[in-house]
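# Examination of the molecular architecture
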Amino acid sequence: MSTEYGADQIQILEGLEAVRKRPGMYIGSTSSRGLHHLVYEIVDNAIDEAMAGYCSEIKVTLNPDNSVSVTDNGRGIPVGINAKAGIPAVEVVFTILHAGGKFGGGGYKVSGGLHGVGASVVNALSDWLEVEVFKQGKIYKQRYERGKVMYKLEIAGPCDPSLTGTRVTFMPDASIFEETVFDFDVLKQRLREMAFLTRNVKIELTDEREGMEKSRTFHYEGGIKEFVTFLNRGKTPLYEEVIYCEGERDGILVEVAMQHNDSYNEGTYSFVNNITTPEGGTHLTGFRNAITKTFNDYARANKLLKDSDANLTGDDIREGLTAIVSIKIEEPQFEGQTKQKLGNSEARGAVESVVTEQLEVFLEQHPQVAKKIVDKSVLAQRAREAARKAREITRRKSALEGLALPGKLADCTDKDPSHCEIYIVEGDSAGGSAKEARSRATQAILPLRGKILNVEKARLDRIYGNAEIKAMITAFGTGIHEDFDISKLRYEKIIIMTDADVDGAHIATLLLTFLYRFMPELIRQGHVYLATPPLYKLEKNKKVWYAYSDEQLADILTEVGRDQNNKIQRYKGLGEMDAEQLWETTMDPKRRILKRVNMSGDDAASLDLTFTTLMGDQVEPRREFIEENAQRVRNLDI
Ligand code: 1YM
């Protein structure tokens, strides 16, 4: 026990006390997100060690008591006395608050990002934390409780002299966090991303909690090249090679990997010091400038564009592009409202220069790949032009005719959008029942005929030309893309109502894909819902029950008894219900079940993958996805 408190110790305690008083300032929030952040902070230190070239393996274990252990096989945190603080360096790491990850000096610290606050913050917010350092044939150990040192760094025993590394085990403080149970899948997602971004480090995640035992290992020798392959796995690549550029300019490490697929959407993800920058910034701008200029220059020099042709725009070239832009920079400056946008102007030039130089060489050496990309871009250019004309016609029309609502829409009479909802209904016959069933004042019905266009597989001009899509756009009132204005939304709720079978699920997915790609704000702000029609109707002695799942039917049968008086009807489609049944089961706001569609978390890459996996044309990844997510998919009804 350290009983003598010098001025230094008092200062340390005050520092960590500040963290406990205002945890949000240091880790963003005390929700589940902040909780998981604790793990990333510790893993970041191990990743730094891997980037410095000393560590090849990181293990993250969720222990049965809900504590977490992070172990690496690096050099081990130094245990010698730090001259300035007069205590072992390892104790400094866990008890002194540092700004960013600068302590220790040298190299690129990944912990320099949004909340790059370091191990002492994790310590302050843990009920207890133990660090073990394996070094020189000894295990050094120290324990802290709520940030306070419990005993001086001790030698807890011998270890194999060839073994080096660090293990940190901590129990998050339940009096600080709203949520203290770790989510395996959330950690899995982020650790996989880290493994892609740090080539050659093996990261193992193991759940040892009772009844949840499982393990996943991530190890990618190809680094971000493999990341691109992974992101494109549900799509058809336009060419085999993943284009890769790497270099250093003014102390900034630049790494870019990219590959086109035959879809029409761009998926570029940018990172600074291994932290995602969803709002982009200077590094992303540098990347975009480089590819726009390089492809135009190449196309002109090789007569793939005629002198009279207009330049390809960045959008044309990035159609169907999957890319990772990852830089390492010593002092990142983040700006924007959420501090997720890189501001360092020198990063723009660094990325632009590395990519231009190496992409030029790649294109010269791979003329067939270059031609495929330019050809696709030229098609995108033409489609963009056609779409612009189509949009202009629609705009002019709506200016002339006012907002001509689609003929098929049975609108509601209340004009206050906050009271109103619109049911998008598959098929004319179900649309008919819904029109009859609805509460006319507040419920509008828009019937759609058959399958709607898969926007993942169509170019803009076809999408804008599609009658069902046009009907939705005009009914919602918000416009689309750059014209999108959520304040013009005519309904508080947009409810997708399809049959409770595979076809219905497919149509719901197509509709969600459209909304996600073209009006994501509607989903983000919680306006989009799925209706839940019943699967079964049970009649017995003139009484009626509806069941929305097989389990529920079983429950009802247990309750009422299984005998010959049971009349069970399996609904195959909405059309089999009369208007009254449809109202009772699916549309009456007092009795219906609505599922709100949300964008889970902030992991854009995985959301994009979900849609591609479900809607793309490769079967294997889809099956894998459905198997992996069987429970979630069932809940979503898709
Ligand atoms: C499970 C978490 O923290 N590993 C880790 C941390 C350090 C080192 C090695 C390390 C760094 C250096 C020299 C250096 C840290 N050391 C420090 C400090 N794993 C985990 N592995 N020797 C070892 O940066 O020069 C901070 S982090 F500051 F004490 F050197």
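For the structure, check the block above.
The present account deals with the structure reproduced in this document.

Conventions used here
- Residues numbered from 1 in each chain as written.
- Predicted model: local features only at pLDDT ≥ 70, side-chain atom pairs only at ≥ 80, totals over all residues.
- Heavy atoms only, no water.
- Helix = DSSP H or I, 4+ residues; strand = E, 2+ residues; numbered from the N terminus.
- Buried < 20%, exposed > 50% of the residue type's maximum accessible area, 1.4 Å probe, protein only.
- Contact = heavy atoms within 4.5 Å.
- Axes fitted to C-alpha atoms, helices over the stretch in contact; angles between N-to-C directions.
- Parallel < 35°, antiparallel > 145°, perpendicular 65-115°, else oblique.
- Left-handed = near helix turned anticlockwise from the far one by under 90°.
- Nonpolar A, V, L, I, M, F, W, Y, C, P; charged D, E, K, R; others polar.
- Pairing = 2+ DSSP bridges.

## Notes on the overall build of the protein chain
- Scanning the protein chain for helices and strands turns up 21 helices and 26 strands.
- A total of 638 residues make up the protein chain; the buried ones form 52% of that total.
- For the protein chain, the share of sequence-separated contacts (at least 6 apart) that also reach a separation of at least 24 residues comes to 68%.

## Some words on the packing of helix H8 (residues 282–301) against helix H10 (residues 345–365)
- For the pair H8 and H10, interaxial distance at closest approach is 7 Å and the crossing angle is 30°. Taken together, the axis directions place H8 and H10 in an arrangement best described as roughly parallel. Pair H8 / H10 crosses with right-handed handedness. Only Ser345, Ala347, Arg348, Val351, Glu352, Val355, Thr356, Leu359, Glu360, Leu363 and Glu364 of H10 make contact with H8, whose side of the interface consists of Thr282, His283, Thr285, Gly286, Phe287, Asn289, Ala290, Ile291, Thr294, Phe295 and Tyr298.
- Tallied by class, the residues present in the contact of H8 with H10 amount to 10 nonpolar, 8 polar and 4 charged.

## Remarks on the pairing of strand E16 (residues 321–328)
- Across the 8 residues that make up E16, a large majority, 8, are buried.
- Pairing of strand E13 (residues 252–260) with E16, which is carried by 8 bridges, proceeds in the antiparallel orientation. When the bridges of E16 are listed, Glu255 appears paired with Ser326.
- As defined by bridge partners, strand E14 (residues 267–272) adjoins E16 across 6 bridges and the pair is classed as parallel. Across the sheet, the residue bridging to Gly267 is Thr322, located in E16.

## Observations concerning the sheet that holds strand E24 (residues 543–547)
- Reading across the sheet, the 3 strands line up as E24-E23-E25 and stay open at both edges, with antiparallel pairing between neighbours. Edge positions in the sheet fall to E24 and strand E25 (567–570), since each of these pairs with one other strand and no more. Put simply, the sheet's adjacent strands are angled 20° from each other on average, direction ignored.
- Inspection of the sheet shows strand E23 (residues 536–540) paired to E25 by 4 bridges, in the antiparallel sense. Note on E25: the bridge partner recorded for Glu539 is Lys567.
- In the packing of helix H17 (residues 550–560) onto the sheet, contacts are made with E23, E24 and E25, and the angle to E24 comes to roughly 150°.

## A few points about the packing of helix H6 (residues 184–197) against helix H7 (residues 224–231)
- Relative to each other, H6 and H7 sit at 130°, their axes nearing to 7 Å. The orientation of H6 with respect to H7, classified from their angle, is oblique. Residues Arg192, Glu193, Phe196 and Leu197 of H6 form the contact with H7, whose own contacting residues are Ile224, Glu226, Phe227 and Phe230.
- When its residues are assigned to classes, the contact of H6 with H7 shows 5 nonpolar, no polar and 3 charged.

## Some words on the environment of Glu132
- Assignment of secondary structure puts Glu132 in strand E5 (residues 126–135).
- As a C-alpha pair, Glu132 and Thr71 span 61 residues in sequence and 9.1 Å in three-dimensional space.
- Leaving out residues up to four positions away in the same chain, Glu132 has contacts with Ile139, Tyr140, Lys141, Gly165, Thr166 and Arg167.

## Looking at the sheet that holds strand E22 (residues 528–531)
- As summarised here, the arrangement of the 5 strands in space is E20-E19-E21-E22-E26, forming an open sheet in which the pairing is mixed. With one partner strand each, in any of the chains shown, strand E20 (443–448) and strand E26 (594–596) form the two edges of the open sheet. Recorded for the sheet is a direction-independent mean angle of 25° between the axes of neighbouring strands.
- Inspection of the sheet shows strand E21 (residues 493–497) paired to E22 by 3 bridges, in the parallel sense. Across the sheet, the residue bridging to Ile494 is Val528, located in E22.
- The strands touched by helix H14 (residues 467–476) are strand E19 (421–426), E20 and E21; relative to E20, the strand with the most contacts, the crossing angle is about 165°.

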